[in-house]
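Chain and residue survey
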Amino acid sequence: MKLGIVGLPNVGKSTLFNSLTKAGAQAENYPFCTIDPNVGIVPVPDERIRQLGELYHTKKVTPAVIEFVDIAGLVKGASKGEGLGNQFLANIREVDAIVHVVRCFEDDNVVHVDGSVDPVRDIETIEMELIFADLEVLERRISKVNRTARMDKTAGKELALLEKIKAHLEDGKLARTMIADGLVDGEDDRKLFDSYNLLTAKPVIYAANVSEDDLADDGASNAQVAQVREYAAKNGSEVFVICAKIEAEISELDDEEKAMFLEDLGLSESGLEKLVRASYTTLGLMSFLTAGEDECRAWTIKSGTKAPPAAGKIHTDFERGFIKAEVVNYAVLLREGSLAAAREKGLVGIEGKEYVVQDGDVILFRFNV
C-alpha cells in the first residue's frame with residue numbers, strides 16, 4: 001500500500017510524515033521546504049503477529065508495511081507550475097490513496113500561505129489543482145481519440161466517456177464521485193476510467209491536524225474539524241484527527257513509554273494507528289497471517305479475496321499449485337496454544353479454492369507444482 005501525503009505549506013504535513021516514518025524530512029516554518037518527495041516505509045502496528053511470535057518463539061516477526069510519500073506543499077496555481085507543485089503532481093499519480101493534511105489549529109507563530117485558517121478553503125484549493133491537472137490529461141486523450149472516433153465505434157464510446165468525465169470535472173466535481181453516483185456505466189467504461197489514473201479518482205483520507213487540547217475529545221469541540229467532517233461526508237471520505245506535534249513526540253518513545261504517554265493524554269491509540277485503520281477501510285484491505293518457528297507474518301490483501309490469490313501473495317507457486325488451506329482464527333490459535341491442539345478440537349477448517357479469506361485468519365497453504 002502506497003499513500004501520498006499532501007497539503008498546503010505549513011499545515012503540519014512534513015512534521016506528520018517525520019513522526020510516522022522517523023525519516024527526518026525537513027520541517028521548517030516556510031513554504032516548499034520539501035523539495036524532493038520523501039519516501040518512508042512504515043510497519044503496520046499489529047498486536048496479533050507479536051502474540052503469535054511469542055507463541056511460536058519465532059525467529060522473525062514481519063508486519064505488513066505502508067509506503068508513505070511526502071509530496072511538496074501545493075499552492076493555488078500548482079497545476080500551472082506555481083510554487084513547486086507542478087513537478088510533484090506526477091508523484092501523486094503513483095499512490096493508492098491520498099492523505100490530505102488539513103490545518104485545524106490557530107498559531108500565530110506558524111504562518112498560513114493564505115493568511116488565515118480555513119480548512120474547507122484549503123481542501124478546495126488542493127482539489128481544484130488536482131482537477132486542473134486531470135483536465136490536462138483528459139484533453140490530451142480527447143485530442144488523440146478524436147482522430148479515430150468517427151470511424152471506430154470503440155474510440156467513439158471512449159470519446160463519449162472522456163467528454164462525460166471532462167464535463168463532471170469542469171463542474172468542480174471530483175472524478176471519484178462519478179463512481180459513487182453511478183455515472184460510469186459497465187465494465188468496459190470502468191476499465192477505461194481506471195486506466196486514466198486520474199488524481200481526483202483516488203480515495204482521499206483527511207487528516208485534521210489539531211492542537212494538543214483538541215485531541216482528547218477527538219476534535220469534537222473544534223469547529224474546524226466539524227467542517228472537515230461535513231465536507232468529507234459529502235465525498236464519501238474518511239477523516240481522522242491527529243496532532244502532528246504530539247505524533248512527533250510519540251515517535252521518539254519506546255512502546256512502554258508510548259503507552260503511558262497516550263494514557264496520560266486520554267488517548268487509546270496513536271495517529272499512525274488511526275491512519276492505518278482509515279486507510280484499510282478506505283482501500284477495502286485486510287490482513288491474513290502465517291505463523292511458524294521461522295517467521296510470523298502479516299499479508300495485506302483486498303477484502304473478499306479467495307484462498308488461491310491470497311496464497312499467491314506469498315509466492316506465485318502457492319497459487320498455481322494450490323490444493324487446500326488449513327485455516328484457524330488467530331484468537332482461537334492463541335487460546336488453544338498450538339495448531340495441533342486446535343486441530344484436535346476440530347477448530348481448524350480445511351478450505352478449498354472458493355474460500356474467502358477473513359481478517360485475522362492464520363493460514364497454512366498446501367500446494368503442489
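Everything below is about the structure shown above.
Given the structure is predicted, the values throughout are model-derived calculations rather than measurements.

1. Notes on a nonpolar patch on the surface
On the surface, a nonpolar cluster with roughly 260 Å² of combined accessible area is contributed by V39, I41 and V65. By secondary structure assignment, the location of I41 is in strand 2 (residues 38-43).

2. Focus on the nonpolar core
Core analysis: the largest hydrophobic core is formed by 68 residues, its most contacted members being L3, F68, I92, Y206, F240, L275 and V328. If one sorts the elements of this core by residue count, helix 11 (residues 271-283) sits on top with six residues. Those residues in contact with Y206 that sit more than four places away from it in its chain are H100, V102, I123, E127, R176, V228, Y231, A232, S237, E238, V239 and F240. V137, V145, A149 and L159 belong to the second-largest nonpolar core, a separate cluster that totals 20 residues.

3. A few points about helix 11
With 13 residues, helix 11 should cover 18 Å at 1.5 Å per step; its first-to-last C-alpha distance of 18 Å lies within 8% of that length. Considered for burial, the residues of helix 11 that qualify are G271, L272, K274, L275, V276, A278, S279, Y280 and L283. Within two residues after helix 11, G284 carries a phi angle of roughly 65°, on the positive side.

4. With respect to a negative patch on the surface
On the surface, a cluster of negative charge is contributed by D254, D255, E256 and E257. Summarising the element assignment, D254 is placed in the loop between helix 9 (244-250) and helix 10 (255-264). Owing to a relative accessible area of 42%, D254 belongs among the partly exposed residues under this scheme.

5. Observations regarding the environment of L169
Mapped onto the secondary structure, L169 falls in helix 5 (residues 153-170). The exposure class assigned to L169 is buried, which follows from its relative accessible area of 2%. Spatially, the C-alpha atoms of L169 and L130 are 9.9 Å apart, while their sequence positions differ by 39 residues. In contact with L169, other than residues within four places in its own chain, are I131, D134, L135, L138, L174, A175 and T200.

6. As for the pairing of strand 5 (residues 97-103)
Along strand 5, seven of the seven residues are buried, which leaves the element largely enclosed by surrounding structure. Side chains A97, V99, V101 and R103 of strand 5 all project onto a buried face; the interleaved residues I98, H100 and V102 project onto the opposite face, where all are buried too. The pairing of strand 1 (residues 2-6) with strand 5 spans four bridges and is classified as parallel. Looking at strand 5, one finds that L3 is bridged to A97. The sheet contact formed by strand 5 and strand 6 (residues 204-209) spans six bridges and is parallel. If you follow V102 over to strand 6, its bridge partner there is A208.

7. Some remarks on unusual backbone geometry
In the Ramachandran plot, N197 falls in the positive-phi region, its phi being about 50° despite a non-glycine side chain. Tracing the sequence through the fold places N197 in the loop between helix 7 (186-195) and strand 6. In this model, D218 sits at a positive phi of 55°, which is unusual for a non-glycine residue. Structurally, D218 can be placed in the loop between strand 6 and helix 8 (223-234).

8. Quick notes on the packing of helix 4 (residues 119-146) against helix 8
One way to put it is that helix 4 packs onto helix 8 with a least axis distance of 8 Å and a crossing angle of 40°. Of the possible angle classes, the one that applies to helix 4 and helix 8 is oblique. Counting all contacts with helix 4, which are made through P119, V120, I123, E124 and E127, the residues of helix 8 involved are Q224, Q227, V228 and Y231. Each residue belonging to the contact of helix 4 with helix 8 can be placed in one class, and the counts come to five nonpolar, two polar and two charged.

9. Looking at the pairing of strand 9 (residues 296-302)
For strand 9, the buried fraction is high: five of the seven residues fall into the buried class. Note: strand 3 (residues 61-62) against strand 9, two bridges, orientation parallel. Across the sheet, the residue bridging to V61 is C296, located in strand 9. Bridge count for strand 8 (residues 285-290) against strand 9 is six bridges, and the pairing is antiparallel.

What counts and how
- Numbers given to residues run from 1 along each chain, matching the order in which its sequence is written.
- pLDDT decides what is reported in this predicted model: residues at 70 or higher carry local features, side-chain atom pairs at 80 or more are listed and counted, and totals for whole chains, interfaces and linings draw on all residues regardless.
- Excluding hydrogens and water, the side-chain figures rest on all heavy atoms present in the structure.
- In this scheme, patches are assembled from residues that exceed 30% relative accessible area and form no salt bridge. Like charges are connected within 9 Å, while nonpolar side chains (Val, Leu, Ile, Met, Phe, Trp, Tyr) are connected within 5 Å.
- To measure how exposed things are, a 1.4 Å probe is used in the Shrake-Rupley method; for residues, cover is taken only from the protein chains shown.
- Here a salt bridge means any side-chain nitrogen of Lys or Arg lying within 4 Å of a carboxyl oxygen belonging to Asp or Glu.
- For helices the rule is a DSSP run of H or I covering at least 4 residues; for strands it is a run of E covering at least 2, with both sets numbered from the N terminus onward.
- To define a nonpolar core, start from buried Ala, Val, Leu, Ile, Met, Phe, Trp, Tyr and Cys residues and group those joined through side-chain atoms within 4.5 Å.
- Burial here depends on accessible area, computed with a 1.4 Å probe over protein chains only, as a share of the maximum for the residue type. Under 20% is buried, over 50% is exposed, and the range in between is partly exposed.
- By definition, residues are in contact when any of their heavy atoms lie within 4.5 Å.
- For a helix, the expected span equals 1.5 Å multiplied by the residue count minus one.
- Just so you know, the count uses Lys and Arg for positive and Asp and Glu for negative, and it drops His and the chain ends.
- Charge positions come from single atoms, namely NZ of Lys, CZ of Arg, CG of Asp or CD of Glu.
- Note: two strands are recorded as paired if DSSP finds a minimum of 2 bridges between them.
- A fitted line through C-alpha atoms represents every axis, and for helices the fit uses only the stretch in contact; the resulting angles, taken between N-to-C directions, go from 0 to 180 degrees.
- The labels follow the angle: roughly parallel below 35 degrees, roughly antiparallel above 145, roughly perpendicular from 65 to 115, and oblique for the rest.
- Only Asp, Glu, Lys and Arg are considered charged in this grouping, and only Ala, Val, Leu, Ile, Met, Phe, Trp, Tyr, Cys and Pro are considered nonpolar; every other residue, Gly among them, is considered polar.

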